[in-house]
Each structure stands twice: as C-alpha cells, then as structure tokens.
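Overview (structure and organization)
Read off the chains here:
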Amino acid sequence: MQIYDGGPGSRPGYGQNKGYPVPFMTGLLLAVNIIVFVWLEWNGSTEDGYYMAEHGTLIAGFVLEYKEYYRLLTAFFLHFGVRHLFNNMLLLWYLGMRLERYVGHWRFLFIYLAAGLGGNVCSLIWYAVTQPYVNSAGASGAVFGIVGAMLWVVLRHRGRLEGLTSRQILLMILFSLYNGLSGTGINNVAHVSGLLIGLLLAALLYRGGYAVLPWLKRRLGR
C-alpha cells in the first residue's frame, strides 16, 4: 500500500495433479484492479491525492469522523499511478495464480480480501493515532497476504514448489520490507499486517503437503 504525500488525508496436495483448477479468480482480481485504474485515469489523475480521496482512499480521519467505513474496502482497489498498479499486479499475477491452484478459488479470494481489509483496519488504528489525515491506497496489503499464504504452502511442500523455494519468498519479503522501511510514502503497517494475516489464514485453511514443524526441525538441525 502506498501513501500519497501531496494531498489529504510430497504427499499429493490440492492442485498437484493435472486436473488442478484454472486460476480464474486471480484473473478476475487483476481485471477489477486494472478496470478501476483505467476508469479513474480516464476521468482524472490517479496521482492527484484530492481526486483519489474523493474516490475512496483510506484516510483515518474521514473514516472515524464521518463514518466512511467503505474506505476500508475501496482503498485496496485504488492505486496512485501506473507504476504503483504495475508492481502490485505483477506480484498478484506471479504468486496468485500459483496459490489459487493449491488452495482453491474461494479460499484464495477469502485470503486476498481478508488480508486487504485486515491490513487497512490495522492501518486505520495506527494512523488514527499518528497521522489521521494521511492518504493511502493500494492492493499491497492484500498482495502481501498472498505472499504470506504462498510462503506457508511452499513450507508445507518441504520448501520447494513449482520453481519457488521458501528461501526465495523470504528474501522477497525481506527486500520488500526493507524497501518500505528505508523509503517514504509506503504504508508498512498494511504490508506487515497483510503478510501475517495471509500466513495465518493459509495455516488454518491449507492441509496439503507435509507437516511443517518436523521438516523445519530437520532443516535447522543440519
């Protein structure tokens, strides 16, 4: 999630065989995000903080003072500029298609929405105290939820799945968090909370592969 500074506010598991489902939910989420972006860009500028605030970005002061609770949902379908959109959609496409094949369509959608919404609730609590009129938006809280969930699924498959390793995902997470902490205009609260929500939900919802703890103990014992 990005902050705008210029304005207000291998036992076979699910999906391991050739009959795994086509990940249409990932495509649907990609399409919704892109269509919303194109519509907003056509009618104004997605890099205009005031314009974006009028269309549903997350501003804690507006949510709490004016009871605009819809912003908790709309904010993670909005993006400040094409680069912001591209970065989130690339990661959603790359990991989302894989995750959806293993957890299924509706569990995948639930993880995405819960991580996005949960990330925004945590952001609301944080910014209500620190910067109540900071203006933030973006799908990265939800996308970090997908990253966290994918990390759990890969761990359940002994740290390697479809060309992905747990080490690669952990490095991706560390690099993204470092980039957010060392830069400006990044909503790190949404990133971290979305990541943890996705990891937790995957641990509750996904039972394919192998038990994680025995495998980790063997790995750490080397």
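This text goes with the structure placed above it.
Residues numbered from 1 in each chain as written. Predicted model: local features only at pLDDT ≥ 70, side-chain atom pairs only at ≥ 80, totals over all residues. Heavy atoms only, no water.

With respect to the overall build of the chain
To keep things clear, this is the line we draw: Note on conventions: DSSP H or I runs of at least 4 residues are helices, E runs of at least 2 residues are strands, and numbering of each starts at the N terminus. Each residue is placed in one exposure class: buried if its accessible area under a 1.4 Å probe, protein chains only, is under 20% of its type's maximum, exposed if it is over 50%, and partly exposed if it falls in between. Surface accessibility follows the Shrake-Rupley procedure with a 1.4 Å probe radius. Residue values consider only the protein chains on display as shielding.
Looking only at helices and strands, the chain features ten helices and four strands. Taken from the N to the C terminus, the helices and strands of the chain come in the order β-α-α-α-α-α-α-β-α-β-β-α-α-α. The 222 residues of the chain split such that 52% are buried. Counting only carbon and sulfur atoms, one obtains 66% of the accessible surface of the chain, whose full area is about 11300 Å².

A word on unusual backbone geometry
Positive phi, close to 55°, is recorded for lysine 67, a residue that is not glycine. Examined against the element boundaries, lysine 67 turns out to sit in the loop between helix H3 (60-66) and helix H4 (71-74).

Comments concerning the packing of helix H6 (residues 105-130) against helix H7 (residues 140-156)
The criterion, for reference: Under this scheme, a helix contributes an axis fitted over its contacting stretch, all axes are lines through C-alpha atoms, and angles between N-to-C directions fall in the 0 to 180 degree range. Roughly parallel refers to an angle under 35 degrees, roughly antiparallel to one over 145, roughly perpendicular to one between 65 and 115, and oblique to any angle outside these ranges. Each helix crossing is assigned a hand: it is left-handed if the near helix lies turned anticlockwise from the far helix by less than a right angle, otherwise right-handed if that turn is clockwise. Two residues form a contact once any of their heavy atoms are found within 4.5 Å. Only Asp, Glu, Lys and Arg are considered charged in this grouping, and only Ala, Val, Leu, Ile, Met, Phe, Trp, Tyr, Cys and Pro are considered nonpolar; every other residue, Gly among them, is considered polar.
Their axes nearest at 7 Å, the elements H6 and H7 cross at an angle of 130°. In terms of axis orientation, H6 runs oblique to H7. Note on packing geometry: the crossing formed by H6 with H7 is right-handed. Listed contacts from H7 to Phe108, Ile111, Tyr112, Ala115 and Gly116 of H6 are Gly141, Ala142, Gly145, Ile146 and Ala149. For the contact of H6 with H7, the class distribution of residues is seven nonpolar, three polar and no charged.

A short note on helix H1 (residues 24-43)
Inclusion rule: The span one expects for a helix is its residue count, reduced by one, times 1.5 Å. The directions from the helix axis to the C-beta atoms are what the arc is built from.
For H1, built from 20 residues, the straight-helix expectation of 28 Å at 1.5 Å per residue is met to within 8% by its first-to-last C-alpha distance of 29 Å. Taken together, the buried positions of H1 are occupied by Met25, Thr26, Leu29, Leu30, Asn33, Phe37 and Leu40. Projected onto a plane normal to the axis of H1, the buried residues spread over an arc of 145° and lie on a single side. Of the residues in H1, the exposed ones pointing more than 90 degrees away from the buried face are Ile35, Trp39 and Trp42. Residues of H1 that are buried in the fold lie against helix H2 (49-54), helix H5 (82-103) and H6.

Quick notes on the nonpolar core
In plain terms, the rule: Within this scheme, the nonpolar core is defined by two criteria: the residues are buried Ala, Val, Leu, Ile, Met, Phe, Trp, Tyr or Cys, and they are joined through side-chain atoms within 4.5 Å.
Core analysis: the biggest nonpolar cluster contains 39 residues, and Leu92, Leu99, Phe108, Tyr112, Ile146, Met150 and Val153 have the highest contact counts within it. Taken together, the elements giving at least two residues each to this core come down to H1, H5, H6, H7, helix H8 (166-182) and helix H9 (188-205). Looking at this core, the element that brings in the most residues is H7, giving twelve residues. Residues Ala60, Ala75, Leu124 and Val134 belong to the second largest nonpolar core, which totals eight residues.

Considerations on empty space enclosed by the protein
Keep this limit in mind: In this analysis the probe radius is 1.4 Å and the grid spacing 1 Å, with only protein atoms considered; a cavity is a set of points the probe fits into but cannot get out of, a pocket is an open set with protein on both sides within 12 Å along at least five of seven lines, and lining residues have an atom within 4 Å of a point. Grid points are joined across faces, edges and corners, and a volume is the space filled by probe spheres set on the points.
Here the largest cavity is characterised by a volume of approximately 30 Å³. Looking at the lining of the largest cavity, the element that brings in the most residues is H6, giving three residues. Its residues placed into classes, the lining of the largest cavity shows six nonpolar, two polar and no charged.

Points about the packing of aromatic side chains
Stated formally: Ring pairs are drawn from Phe, Tyr and Trp, using the six-membered ring of Trp, whenever the two centres fall within 6.5 Å, and their geometry is named by plane angle: stacked under 30 degrees, edge-to-face over 60, tilted for the rest. To sit over a ring, a charge needs its Lys NZ or Arg CZ within 6 Å of the ring centre and within 35 degrees of the ring normal.
If you walk through the whole model with that rule in mind, you get five aromatic pairs. Here the aromatic cluster, defined as three or more aromatic residues joined through ring pairs, consists of Phe62, Tyr66 and Tyr133. We note arginine 98 situated over the ring of tyrosine 94; from NZ or CZ to the ring centre the distance is 4.3 Å.

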